[in-house]
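These are the residues of each chain, in order.
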Amino acid sequence: MYMKMENYGRAVSLIECAKNLTPRDKQCPSLKTISLNIFGWNFYGLGIVSQQHLCETLYAEERTTEAVEILLNIIRTSGEEIQGNKATMDWISDLTKKCAMTLEHVGDGTFRSIKHDDAMTQYSTALSLSRLFIMQSRALAAKALWQEALQDANEAVKVDPFYPWGYEAKYVALHATKRYDEAIDAFNSMLHVIEQSHDPAIRQLRKNYISPSETTRAIDPIVRGILESCPLVVIDVTTGCLCDGPERTRIFKADPTFKELILSMTREVDDERILRVVASFFRYGMFSHAWQGNEPSFQDVNIVKSVWNLPDTSLNKKLRNFCKETRRLGYNWAWSDTCCIDKATSSILNQSLTSMYKWYADSAVTLVFLAGVAHPSKLGDLTHSYWMTRAWTLQEFLSPKESPEIMQELVDAMKIPRGTIVTFSPDDLGAREELRLASTRNATVKEDVAYSLIGIFKSDIRPHYGEGADALGHLLEEIVARYGEVTVLAWSGKSSSYNSCLPASVSVYSQTPYNPQSLEEEEMETCITELRGKLPQQVVLGIYNQINFLPPARFSTRRLHLPCIAFSVRKLGIQEIHRGNEKLYRARVSGLGKVEFTTADELPLDKPQKFVFVHPWIRHIRGPSDEVVWGGDSESDTDFDSDSECDTGSDEVAPPLPSPVVPAPQVDDYTRALQMIARLRQPFNALLLVQQPYGEYKRVAAGNEIVVPGLRANITSKNIQVKVLEIL
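1. Details of the pattern of salt bridges
All told, the structure shown has 19 salt bridges when counted by the stated rule. For E182, the salt bridge is made with R179, and the minimal N-O distance between the two is 2.9 Å. A relative accessible area of 31% means that R179 is categorised as partly exposed. Two residues, E596 and R586, come together in a salt bridge whose shortest N-O distance is 2.4 Å. Here E596 is found in strand β11 (residues 593-599), whereas its partner R586 is found in strand β10 (residues 583-589), with 10 residues between them in sequence. Looking at E596, the relative accessible area reads 39%, which means it is partly exposed. The network of salt bridges with common partners includes E195, R206 and E214.

Following this line, the structure appears as structure tokens:
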């Protein structure tokens, strides 16, 4: 009745009397479980407001333990109702804090008075409040009321610092408010309390969690792996400072991205997520431009500490605008060849030059600056820009692009497939086509013609400024040696001092070399039928086996060991003299007949030197369907045919068939051998060689391609000499 009349003080006194009616030799049940039927109600039937007033009255009368019982009952029985009422939630939070402080104070007082049982009662009730704070914190967190949830979590930890779930509630709230360092500390505290708990069941729970340090150990190798494929030094587009790998790692670990990653994996390491987040953080933009003079260097930026502190010059402004645009696009890092390479340190310079192509390939974006082009640019500006003529920008031209218009403009200008640009796969072009692209580019420093192609050809050569034209020789040597790619020998012009079979300039690759067409099936069948009646099977198969067992072309100490079919020159003379130094020569060649060519070289017609024309295009001779097993590298010195028309000398010959004796050939082998002979009857681009005093050869540099007729009809084994010649 008094409860209904809201006379809560009188109601409490009557409840106290009811409690006193119980037998004194029996333990009195707790207030919340007394069913006061004589008043016609119990606490479970009271509304929230009535229970609130009852709590306040009990607390005011210093009956805090009983007030806490009612408070816990409110939360247990009215969870959803109170969560939707901010006023009620605020009241619960406020009263809980007051009760906790009172219980702790009273408990301490009774403990000092040696009333240990009373102290235990106060402390036990206080501990139940810790659970209450945690429950409240979780409820508030479910409604994204993070500040309130954090307050209750802090109270739970304060009431019971040895209960781990208060720290867990605190970690959740701190994580949600992006207070990452504090969240990590709270999570570590939770793990520590779990590990130190006296309860074995709680200690067992430690295996369900991963500590931040364990997660960091999983992240570190992925960070190292990502940075290994990134540029050595980049610009932090926020601070403008140059950053190496360790500094970028430090910045990453201080960034909210890293801390969020740590906190997102408290139970299981997700390697895919780590890789995705780390790769995204370290994405970078590359700058593609033509140098215009005194560009800002590595040392320039280091002196002033940041690109933003560089003097206000046009070239510094160009660099800063690149950084601003990279930042606008959402990337943290930028790379420019002007200031991101310490060119004073040779090892860093070499590593940068050899890795640069891959850095462009792996970049998130490449921003191109077209000097001399008005802003905004229009279609056609890229094609006719100075940028399109520079050697170093070739690898940048092949970097990823997003604009369909730019891609089409590049396709039209460079005459390469669109897919090659889209997929960033110059390997699809082949060595000869890559060299054609390079032939249109120029470099201020002679060596850069070759060094700018290191990445495109995946070359292992090491830059050494000062070697001059030999740099191109080193690159072409490696292309031949690594890929067996002899199409680089198809050129006309001036020979290199590196090796006479290599050109002095990459510009010669702008020429389109003679390329015999494959014989059509009907034409091939006609040729085979004709040859089958003329050539003995044993002779044809002998030639076939020698060609099949030719080793790949290779270099050794700048000497080219070239597998080829050699045709000796029987007679050579000057036909006429052209303007300048070039002369027209006419030769009579064994197996080929008459051949004419021009060269500026002075050929020693009055000396008994041997000249030979060679067919080095072995892959074409073998044909597309041949499956070749290379023979050994053993080479023997034998002369050309013993025909009196030929001079004697020392040449390398393709190795004979290995032992044991090959079984009797099948008809199919004979047909394939005849196909080879048929291809030898086609015209081809020949190289003219002249023998040196010690048996090696040098190439005679012709002013134009020497396209010779194929084998004549009177084919004999003497006309087809399979050789490996050593060329200086």
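Structure's up, so let's keep going.
2. A short note on the packing of helix α12 (residues 245-254) against helix α13 (residues 256-263)
The interhelical angle for the contact between α12 and α13, taken along N-to-C directions, is 60°, at an axis separation of 4 Å. Relative to α13, the element α12 is oriented oblique. Contacts between α12 and α13 involve F252, K253 and A254 on the former and, on the latter, P256, T257, F258 and K259. Across the contact of α12 with α13, the residue classes tally to 4 nonpolar, 1 polar and 2 charged.

3. Examining the pairing of β10
Each regular strand shows side chains that alternate between the opposite faces of the sheet. Within β10, 5 of the 7 residues are buried, which leaves the element mostly enclosed by the surrounding structure. Alignment of strand β9 (residues 559-577) against β10, held across 7 bridges, turns out to be antiparallel. Within the sheet, the bridge partner assigned to G573 lies in β10 and is R586. Alignment of β10 against β11, held across 7 bridges, turns out to be antiparallel. Each bridged residue has a counterpart across the sheet, and for A587 the counterpart in β11 is V595.

4. A short note on the confidence of the model for the chain
Overall, the predicted model of the chain reaches an average pLDDT of 78, with 73% of residues at or above 70. Taken as a whole, residues 114-127 scores under 50 in pLDDT and shows 22 contacts with residues more than four places along the chain or in a different chain. Here residues 626-650 scores under 50 on pLDDT; set against residues more than four positions off or in separate chains, the count is 62 contacts.

5. Some details on the nonpolar core
Counting residues in hydrophobic clusters, the biggest one holds 88 residues, and the most contacted among them are L489 and F613. Sorting elements by how many residues they give to this core places β9 first, with 8 residues. If we skip the residues at most four places from it in the chain, F613 touches I565, A566, F567, V569, A587, V589, V595, F597, A686, L687, L688 and I706. Core analysis: the next-biggest nonpolar cluster, separate from the first, contains 75 residues, Y163, M286, V301 and C340 among them.

6. Examining helix α17 (residues 346-362)
Here α17 is 17 residues long and its end C-alpha atoms lie 24 Å apart, about the 24 Å a rise of 1.5 Å per residue gives. Of all the bends in α17, the largest measures some 50° and sits at S355. Of the positions making up α17, those classed as buried are L349, N350, S352, L353, T354, S355, M356, Y357, W359 and Y360.

7. Remarks on the sheet that holds strand β7 (residues 365-369)
Read across the open sheet, the 5 strands follow the order β4-β3-β6-β5-β7; overall the sheet is mixed. The strands lining the two open edges of the sheet, one partner per strand, are β4 (242-243) and β7. The strands that helix α16 (residues 314-328) touches are β3 (234-236), β5 (284-289), β6 (333-335) and β7; relative to β5, the one it contacts most, it runs at about 145°.

8. Looking at the side chain of Q682
Locating Q682 in the fold gives a position in the loop between α27 (667-680) and β15 (684-691). By relative accessible area, which is 10% here, Q682 ends up buried. A distance of 3.2 Å separates polar atoms of two side chains, one belonging to Q682 and the other to H620. Not counting residues up to four positions away in its chain, the partners in contact with Q682 are P516, Q517, L519, H620, P709 and G710.

9. Describing the side chain of S137
With respect to the helices and strands, S137 occurs in helix α6 (residues 116-142). S137 gets classed as buried once you look at its relative accessible area, which sits at 2%. A distance of 2.7 Å separates the side chain of S137 from the backbone oxygen of A149, its partner in a polar contact. Filtering out sequence-adjacent residues up to four positions away, S137 remains in contact with A149, D152, A153 and A169.

10. Some words on helix α25 (residues 537-548)
Helical geometry note: an α-helix holds 3.6 residues per turn, so side chains three or four residues apart project in the same direction. Compared with an ideal rise of 1.5 Å per residue, which puts 12 residues at 16 Å, α25 spans 16 Å between its outermost C-alpha atoms and is within 8% of the ideal. Looking at α25, one finds that the buried residues are V540, L541, I543, Y544, I547 and N548. For α25, the arc enclosing every buried residue in end-on projection is 160°, short of the 170-degree limit, so these residues lie on one face.

11. A word on the state of the cysteines
The tally for this structure, following the rule as stated, stands at 0 disulfides. C564 supplies the cysteine sulfur nearest to C501, a cysteine that is in no disulfide, at a spacing of 9.3 Å. In this structure C564 comes out as buried when scored by relative accessible area, which is 0%.

12. Some points on the packing of aromatic side chains
Counted by the stated rule, this structure contains 15 aromatic pairs. Their ring planes at 85° and their centres at 5.1 Å tell us that F281 and F282 sit as a pair that is edge-to-face. F282 matches F281 in its accessibility class, with the two residues each being buried. Aromatic pair F597 and F613: ring centres 5.9 Å apart, planes at 75°, arrangement edge-to-face. Of this pair, F597 sits in strand β11 while F613 sits in strand β12 (residues 611-615), placing them 16 residues apart in sequence.

13. Some remarks on unusual backbone geometry
In this structure, K305 is a non-glycine residue whose phi angle is positive, near 80°. Residue placement: K305 occurs in the loop between α15 (298-304) and α16. Although it is not a glycine, K458 sits at a positive phi angle of roughly 55°. On the accessibility criterion, K458 (44% relative accessible area) is partly exposed.

14. Some remarks on the packing of helix α11 (residues 212-228) against helix α14 (residues 271-281)
In contact at an axis separation of 10 Å, α11 and α14 are set at 45° when each is read in the N-to-C sense. The angle between α11 and α14 falls in the class oblique. The chirality of how α11 crosses α14 is right-handed. Contacts between α11 and α14 involve A218, I219, I222, V223 and I226 from the former and D271, I274, L275, V278 and A279 from the latter.

15. Looking at a positive patch on the surface
A surface patch of positive charge is lined by K571, R588, K594 and R712. Residue position: K571 is located in strand β9.

16. Notes on the pairing of strand β18 (residues 721-727)
Counting buried positions over the 7 residues of β18 gives 6, a clear majority of the element. Of the pairings in the sheet, the one linking β9 to β18 comprises 7 bridges and is antiparallel in character. Along β18, the bridge assignment pairs L562 with L725.

17. Overview of the environment of F162
Within the element layout of this structure, F162 appears in the loop between α7 (146-159) and α8 (164-176). Judged by relative accessible area, which is 70%, F162 ranks as exposed.

18. Things to note about the environment of C243
With respect to the helices and strands, the residue C243 is situated in strand β4. Placed 97 residues apart in sequence, C243 and C340 show a C-alpha to C-alpha distance of 8.9 Å. Excluding residues that lie within four positions of it along the chain, C243 makes contacts with L232, V233, V234, D236, R248, I251 and W333.

Thresholds, definitions, all that
In every chain, residue numbers begin from 1 and rise along the written sequence. Totals for whole chains, interfaces and linings use all residues, but because this is a predicted model, local features are given only for residues with pLDDT of at least 70 and pairs of side-chain atoms are given and counted only at 80 or more. Values shown for side chains rest on all heavy atoms present in the structure; no hydrogens or waters enter the calculation. In what follows, salt bridge is the name for a side-chain nitrogen of Lys or Arg lying within 4 Å of a carboxyl oxygen of Asp or Glu. The buried label applies to any residue whose accessible area, calculated with a 1.4 Å probe on protein chains only, is under 20% of its type's maximum; exposed applies above 50%, and partly exposed to all values in between. A run of DSSP states H or I qualifies as a helix once it reaches four residues; a run of E qualifies as a strand once it reaches two. Both are numbered from the N-terminal end. To get an axis, a line is fitted to the C-alpha atoms, and for a helix only the part in contact is used. The angle between two axes follows their N-to-C directions and goes from 0 to 180 degrees. Angle categories: roughly parallel below 35 degrees, roughly antiparallel above 145, roughly perpendicular from 65 to 115, and oblique for all the rest. Any two residues having at least one pair of non-hydrogen atoms within 4.5 Å are treated as being in contact. Under the scheme applied here, ten amino acids are nonpolar (Ala, Val, Leu, Ile, Met, Phe, Trp, Tyr, Cys and Pro), four are charged (Asp, Glu, Lys and Arg), and all others, including Gly, are polar. A pair of strands is considered paired only if DSSP assigns at least 2 bridges between the two. Within a predicted model, pLDDT stands for the predictor's per-residue confidence, ranging from 0 to 100. Buried Ala, Val, Leu, Ile, Met, Phe, Trp, Tyr and Cys residues form a nonpolar core when they are joined through side-chain atoms within 4.5 Å. Multiply 1.5 Å by the residue count of a helix minus one, and that product is the helix's expected span. Note that the bend at a residue is defined as the angle between axes fitted to the seven residues ending at it and the seven residues starting at it. Any N or O atom pair separated by 3.5 Å or less is treated as a polar contact, with the protein-specific requirement of one donor-capable and one acceptor-capable atom, and with residues adjacent in sequence counted only for side-chain atom pairs. In this context, the arc is that of the directions from the helix axis out to the C-beta atoms. Here, two cysteine sulfur atoms that lie within 2.5 Å of each other are counted as a disulfide. Note on aromatic pairs: the rings of Phe, Tyr and Trp (six-membered ring only in Trp) are paired at centre separations within 6.5 Å, and the planes decide the class, stacked below 30 degrees, edge-to-face beyond 60, tilted for the rest. The hand of a helix crossing depends on one turn: near helix anticlockwise from the far one by less than a right angle means left-handed, and clockwise means right-handed. Like-charged residues are merged into a patch within 9 Å and nonpolar side chains (Val, Leu, Ile, Met, Phe, Trp, Tyr) within 5 Å, provided each residue has over 30% relative accessible area and no salt bridge. Using the Shrake-Rupley algorithm and a 1.4 Å probe, accessible areas are obtained, with residue cover drawn only from the displayed protein chains. By the counting scheme adopted, Arg and Lys are positive, Glu and Asp are negative, and His together with the chain ends is not counted. Note that the charge is assigned to NZ on lysines, CZ on arginines, CG on aspartates and CD on glutamates.

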